[in-house]
Amino acid sequence: MYKTISFLSIAIFYILSTPSTIVCGQNKIIDKKVMLHLVNKHKLAFTQGKVADYIPELGKANPKAVAFSITNENGETWSVGDNKQKFTIQSISKLIALMLAVEENGEEKVFTQMGYYGTHHPFNYFANLDHNGRPLNPMMNAGAIYTTSLIAGDADEPYQKILARIRYITNNPKIDINPTIYESEKATGYRNRGMFYLMKNYGMIEKEEEVLNNYFRQCSIEIDVEDLSKIAYFIANQGTRYDGDKTHYNKELMQLIQAQMLTAGMYEFSGEYARTIALPSKSGVGGGIIATVPNKIGIAVYNPSLDEHGNSLVGYLILKDFVQEYSLGIF
Ligand code: GLN
């Protein structure tokens, strides 16, 4: 009788205690308590940043909301903080647009009129074009607008394809646009409109302004940090979804995307970021950052208070400590 009771209590203790850990390659164990500790350690740093308000609707985000999620090698998602908080994907959508543009046109065609450059300019620097009038890369706004213009389809079809791919990767059919943020982006997106017409002037884009609306739409897709960590997992694992589905498996393409993330995903901060965090990453002005540990795990952080480069400040601090704690950097 006593034996049964003590066996039961050991079993119960085991069941209750195991969810705090996850296996992460090289016999490292990631502890969910460490994730929570890092959120608590850095959450007040939001006071040193600023919520983006150049798109007026973004300015309404709660600067105190912090979330942190990883999708581990077994495809399990672990999250702490405000993990159900929704926010817009913004520039992280540029990765999905690049995925589709390259699938449809091939890498060579996409990069004939666009560079693989890094940059010392901010993401919305007016031109971000090289000496031949080509966008520097697909991660800054100019190149991203061009990339979306390469996805085939009339009216909002290219956007619908981006949305469908995000729903597929996350296995979350509820993901949709935030119409208020879309209207706000469209109404105030003069710089992006300027870049669009400059590229049209160079003969790079034939289609009309509806193409630009697709860029605004893709940026206004609303997700949460768990959706983002699944997107990171998908890219890290060469197009394998977290549940093992390989419909869009494409090693070559995910290598290209991660190379771009490393080179320009954090804009003019990318070089320093590669030194301090050393993971292919992409930020969005909505406050999300995703990072891939190639062939292993997907990581996502969220806090809408941004540094001077437009990257989540709290998100960066959490990532930096997390990567150091578990030696996740690729170098
Ligand atoms: N929609 C934003 C813009 O075009 C995206 C920028 C970003 O997330 N860095 O300015």
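Computed from a prediction, not measured in an experiment: that's the story for all the values here. (Residues numbered from 1 in each chain as written. Predicted model: local features only at pLDDT ≥ 70, side-chain atom pairs only at ≥ 80, totals over all residues. Heavy atoms only, no water.)

## Let's talk about the overall build of the chain
For clarity, the threshold we go by: A helix here means a DSSP run of H or I that spans at least four residues, while a strand means a run of E at least two residues long, and both kinds are numbered starting from the N terminus. In this treatment the radius of gyration is a C-alpha quantity, and the globule benchmark scales as 2.2 Å times the residue count to the 0.38 power. Only protein chains enter the calculation, and the probe is 1.4 Å; a residue is then buried if its accessible area is under 20% of its type maximum, exposed if over 50%, and partly exposed in between.
A tally of helices and strands in the chain yields 13 helices and 12 strands. Relative to a compact globule of 331 residues, whose C-alpha radius of gyration would be 20 Å, the chain shows 20 Å and is just as compact. In terms of principal-axis extent, the alpha carbons of the chain reach across some 85 × 40 × 35 Å. Per-residue burial for the chain yields a buried fraction of 57% across its 331 residues.

## Regarding the pattern of salt bridges
Heads up, the condition is: Basic side-chain nitrogens of Lys or Arg form a salt bridge, by our definition, when they fall within 4 Å of a carboxyl oxygen of Asp or Glu.
Summed over all chains, the structure comprises 12 salt bridges. Between aspartate 243 and arginine 241 there is a salt bridge whose closest N-O contact spans 2.9 Å. Linked by salt bridges that have partners in common, Arg241, Asp243 and Asp245 make up one network.

## Details of the site of the ligand
Heads up, the rule is: Nearness here has a simple test: a residue counts as near a molecule or strand if at least one of its heavy atoms is within 4 Å of that partner. Counted as a polar contact is a pair of N or O atoms within 3.5 Å, where, for protein atoms, one must be capable of donating a hydrogen and the other of accepting one, and residues adjacent in sequence contribute only when both atoms are in side chains. Every accessible area reported is derived by Shrake-Rupley at a probe size of 1.4 Å, with residue values counting cover from the shown protein chains alone. Asp, Glu, Lys and Arg are counted as charged, while Ala, Val, Leu, Ile, Met, Phe, Trp, Tyr, Cys and Pro are counted as nonpolar; the rest, among them Gly, fall into the polar class.
Taken together, 13 residues lie around the ligand, and Tyr54, Gln90, Ser91, Tyr215 and Val285 are the ones closest in. Residue glutamine 90 places a side-chain N or O atom 2.6 Å away from a nitrogen atom belonging to the ligand. Here an oxygen atom of the ligand and a side-chain polar atom of serine 91 are 2.6 Å apart. In isolation the ligand has 300 Å² of accessible area, and contact with the protein removes 99% of it. Its residues placed into classes, the shell around the ligand shows seven nonpolar, five polar and one charged.

## Some details on the nonpolar core
Using the following cut-off: Nonpolar cores were defined as sets of buried Ala, Val, Leu, Ile, Met, Phe, Trp, Tyr and Cys residues, with membership established by side-chain atoms within 4.5 Å.
Residues Ile235 and Ile290 are the most contacted members of the largest nonpolar core, which totals 59 residues. Sort the elements by how many residues they give to this core and helix 3 (residues 93-105) lands first, with eight residues.

## Remarks on the sheet that holds strand 7 (residues 176-177)
Rules: We treat two strands as partners when DSSP finds at least two bridges between them.
If you walk across this open sheet you meet the three strands as 6-8-7, and the pairing is antiparallel. Two strands close off the open sheet at either side, each with one partner strand: strand 6 (87-88) and strand 7. Here two bridges tie strand 7 to strand 8 (residues 221-223), and the two strands are oriented antiparallel to one another. In the strand pairing of strand 8, aspartate 176 is matched with glutamate 222.

## Thoughts on the packing of helix 3 against helix 6 (residues 157-170)
The line we're drawing: Angles run from 0 to 180 degrees between N-to-C directions of axes, and those axes are lines fitted to C-alpha atoms, restricted for helices to the stretch in contact. Here roughly perpendicular refers to angles of 65 to 115 degrees, roughly parallel to angles under 35, roughly antiparallel to angles over 145, and oblique to all remaining angles. By definition, residues are in contact when any of their heavy atoms lie within 4.5 Å.
Their axes nearest at 10 Å, the elements helix 3 and helix 6 cross at an angle of 110°. When the axes of helix 3 and helix 6 are compared, the pair comes out roughly perpendicular. Across the interface between the two elements, Ile96, Ala97, Met99, Leu100, Glu103 and Glu104 from helix 3 touch Lys161, Ile162, Arg165, Ile166 and Ile169 from helix 6. Looking at the contact of helix 3 with helix 6 residue by residue, the class counts come to seven nonpolar, no polar and four charged.

## Describing the confidence of the model for the chain
The predicted structure's coordinates, where accompanied by low pLDDT, should not be read in detail. Spelled out, the test is: Here pLDDT means the predictor's own confidence in every residue, given as a number from 0 to 100.
When the pLDDT values of the chain are averaged, the result is 91; 90% of them are 70 or greater. Within the model, the stretch residues 10-19 combines pLDDT values under 50 with two contacts to residues more than four positions away or in other chains.

## Considerations on the pairing of strand 4 (residues 67-71)
With five of five residues buried, strand 4 is to be regarded as a mostly interior element. The alternating pattern of strand 4 places Ala67, Ser69 and Thr71 and Phe68 and Ile70 on opposite faces, both of which are buried. Of the strand pairs in this sheet, strand 4 and strand 5 (residues 77-81) are connected by five bridges, and their pairing is antiparallel. Directly across from serine 69, in strand 5, lies its bridge partner serine 79. Between strand 4 and the antiparallel strand that follows it, strand 5, lie five residues; glycine 75 among them carries a positive phi value of about 80°.

## Quick word on helix 13 (residues 313-325)
Within an α-helix, residues lying three or four positions from one another point in the same direction, as the helix has 3.6 residues per turn. We apply this condition: Working rule for helices: expected span equals 1.5 Å times residues minus one.
Over its 13 residues, helix 13 extends 19 Å from the first C-alpha to the last, a length consistent with the 18 Å expected when each residue adds 1.5 Å. Taking the backbone nitrogen of glycine 315 as reference, a side-chain oxygen 3.1 Å away marks serine 312 as the first, capping residue of helix 13. Positive backbone phi, at 45°, marks serine 327, one or two positions downstream of helix 13.

## Section: the sheet that holds strand 4
Here five strands make up an open sheet; going across it, the order is 5-4-11-10-9 and the pairing antiparallel. Either end of the sheet is taken by a strand with one partner, and the two such strands are strand 5 and strand 9 (281-283). Averaged over all pairs of adjacent strands, the angle between their axes in this sheet comes to 10°, without regard to strand direction. Both strand 4 and strand 11 (residues 298-302) contribute to a ladder of five bridges, which runs antiparallel. Each residue of the ladder has a partner; that of alanine 67, found in strand 11, is tyrosine 302. Packed onto the sheet, helix 13 meets strand 4, strand 10 (288-292) and strand 11 and runs at close to 145° relative to strand 11.

## What to know about the pairing of strand 10
Taking burial as the measure, the five residues of strand 10 include five buried ones, the bulk of the element. Side chains Gly288, Ile290 and Thr292 of strand 10 all project onto a buried face; the interleaved residues Ile289 and Ala291 project onto the opposite face, where all are buried too. With three bridges joining them, strand 9 and strand 10 adopt antiparallel strand pairing. The partner of lysine 282 across the bridge, within strand 10, is isoleucine 290. Hairpin connection from strand 9 to strand 10: four residues lie between these consecutive antiparallel strands, with glycine 287 at a positive phi of about 115°. Examined bridge by bridge, strand 10 and strand 11 share five bridges and lie antiparallel to one another. Bridged to glycine 288 within strand 11 is tyrosine 302. In sequence, strand 10 turns back onto strand 11 through a hairpin of five residues, with asparagine 295 there showing a positive phi of about 65°.

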